[in-house]
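Listed below, chain by chain, are the residues.
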Amino acid sequence: MYQFVEGGVCAAKGFLASGVHCGIRKNQTKKDLALIYSQRRCAAAAIYTQNKVKGAPLEVTRAHLADGMAQAILCNSGNANTCNADGMDIANAMCAGAALALHIPEEDIVVASTGVIGQPLPLGPITAALPGLAAALSAEGNAAASEAILTTDLHQKQAAVQFELGGKPCTVGGIAKGSGMIHPNMATMLCFVTTDAAISPAMLQKACKSVADETFNMVSVDGDTSTNDMLAILANGMAENDPIQKEGADYYAFAQALYIVCRQLSRAIAADGEGATKLLECTVEGAPDKDLARRVAKSIICSNLVKTAMFGADANWGRVLCAIGYTAGEFDISRVSAAFSSSAGTVEVCQGGAGIPFSEELAKQVLSQPEIQIQVDLGQGAESATAWGCDLSYDYVKINGDYRT
């Protein structure tokens with residue numbers, strides 16, 4: 001039994017958070033520095049962008065998590081600290097300052113940055129703000145931290161669920177940012193997850209990777225894989241369940257809770273894509289294997305022609321078939337069917353790889369809703385997958401045409 005609760009990264013026992021405006025961003029009304037802290041040292045896991053260009057904070061975090069342990073997460077927005085000659089020095093100095101404020105080893109700090117690439121990150125505002133940021137840590141600090149990691153996002157993204165492990169109530173909660181430069185492997189996003197469940201670093205890493213493959217790696221907004229993507233998870237064990245050391249019922253129950261939180265955050269990232277007016281969810285069924293189902297779903301959700309058709313509420317199903325057709329893999333297109341669905345109803349548009357008569361009026365109504373499902377059945381197996389994205393509007397170009405200014 002999984003139940004959504006409030007609190008994001010502060011929903012689990014022993015976690016505190018805070019967020020302030022330190023001066024990295026010009027707009028003083030926007031927070032730009034976040035801190036998440038556990039009252040107990042945690043098992044930790046993370047996965048990172050597959051872009052060859054990686055932000056300095058990712059390299060520092062990777063080194064810090066080599067022992068599978070951490071206690072705090074520090075993140076700034078407004079500057080990615082990427083492609084900077086002194087990037088590693090700045091990231092290390094951020095950790096040193098946070099360690100001093102928190103009275104913990106700097107190796108126990110996850111550090112992250114997001115924002116403009118290639119501009120030097122000023123250390124002074126961060127160092128000056130750290131004592132106050134640490135002093136402001138609170139069990140009610142989730143909203144402040146969630147706000148402080150945003151860039152072009154219009155909405156905060158947070159989720160938390162409660163469940164049981166061996167009769168002990170446990171919680172998984174998270175916050176995320178991501179709006180543009182979003183593409184599988186991973187998205188262009190930061191996601192920080194906390195849990196009071198007791199689980200070994202190895203099993204936490206396993207759950208982190210497997211859940212990301214089904215959630216964040218199935219999100220695309222614009223086809224650009226970011227330089228600073230990170231999913232980091234801290235588990236402090238304060239729920240006092242028997243520690244999860246291997247696969248079994250408790251591991252799968254935990255992984256499901258993590259999946260529910262990450263799926264919710266993935267959908268929120270897709271819905272908040274830069275300039276987006278509609279959330280797109282593509283479900284592919286009837287695939288001969290899971291990898292093909294994922295590839296087809298991603299291909300459809302990444303297609304700019306599909307995305308623009310959805311923006312215009314145009315049931316141009318041929319674009320969906322086209323995206324399926326250029327997907328790598330062996331399958332018979334003559335067995336494919338497709339439909340569009342939303343709160344306004346469902347319209348079937350293709351059977352056996354060919355178009356069928358449908359009401360354009362109904363299709364227009366279906367595709368005019370804020371959330372649209374693209375449903376594909378390959379008719380060639382039992383595997384399925386779901387991907388999330390958004391439409392492509394005029395505003396996307398406006399936002400990215402003057403991103404630095």
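Right, let's walk through the structure included here. These figures come from a predicted structure and were not determined experimentally.

Focus on unusual backbone geometry
Backbone geometry at N81 places phi at a positive 50 degrees, although glycine is not the residue there. For N81, a relative accessible area of 1% corresponds to the buried category.

What to know about the sheet that holds strand β14 (residues 371-377)
Strand pairing in a sheet is mediated by backbone hydrogen bonds. Such pairs are either parallel or antiparallel. Spatial ordering of the open sheet is given by β13-β12-β11-β14-β10-β15, a layout of six strands whose pairing is mixed. The two strands at the open ends of the sheet, each matched to only one other strand, are β13 (354-355) and β15 (383-390). Of the strands in this sheet, β10 (279-287), β14 and β15 are in contact with helix α6 (residues 249-271), which crosses β15 at around 40 degrees. Lying over the sheet, helix α8 (residues 304-311) contacts β10, β11 (337-342), β14 and β15, oriented at roughly 135 degrees with respect to β14.

With respect to the nonpolar core
Buried together is how nonpolar side chains tend to be arranged in soluble globular proteins. Membership of the largest hydrophobic core comes to 78 residues, with the highest contact counts inside it found for L231, F254, I300, F340 and V376. Among the elements that take part in this core, α6 stands out by supplying twelve residues, more than any other. Listed in part, the 28 residues of the second largest apolar core include C10, I36, L58 and F192.

Quick notes on α8
Where α8 is concerned, the buried positions are V306, K307, A309 and M310. Within α8, the buried residues cover an arc of 160 degrees as seen down the axis, which keeps them to one side. Lining the buried residues of α8 we find β10, α7 (290-302), α9 (317-325), β11, β14 and β15.

Cut-offs used in this document
- Residues numbered from 1 in each chain as written.
- Predicted model: local features only at pLDDT ≥ 70, side-chain atom pairs only at ≥ 80, totals over all residues.
- Heavy atoms only, no water.
- Buried < 20%, exposed > 50% of the residue type's maximum accessible area, 1.4 Å probe, protein only.
- Pairing = 2+ DSSP bridges.
- Helix = DSSP H or I, 4+ residues; strand = E, 2+ residues; numbered from the N terminus.
- Contact = heavy atoms within 4.5 Å.
- Axes fitted to C-alpha atoms, helices over the stretch in contact; angles between N-to-C directions.
- Core = buried A, V, L, I, M, F, W, Y, C linked by side-chain atoms within 4.5 Å.
- Arc of directions from axis to C-beta.

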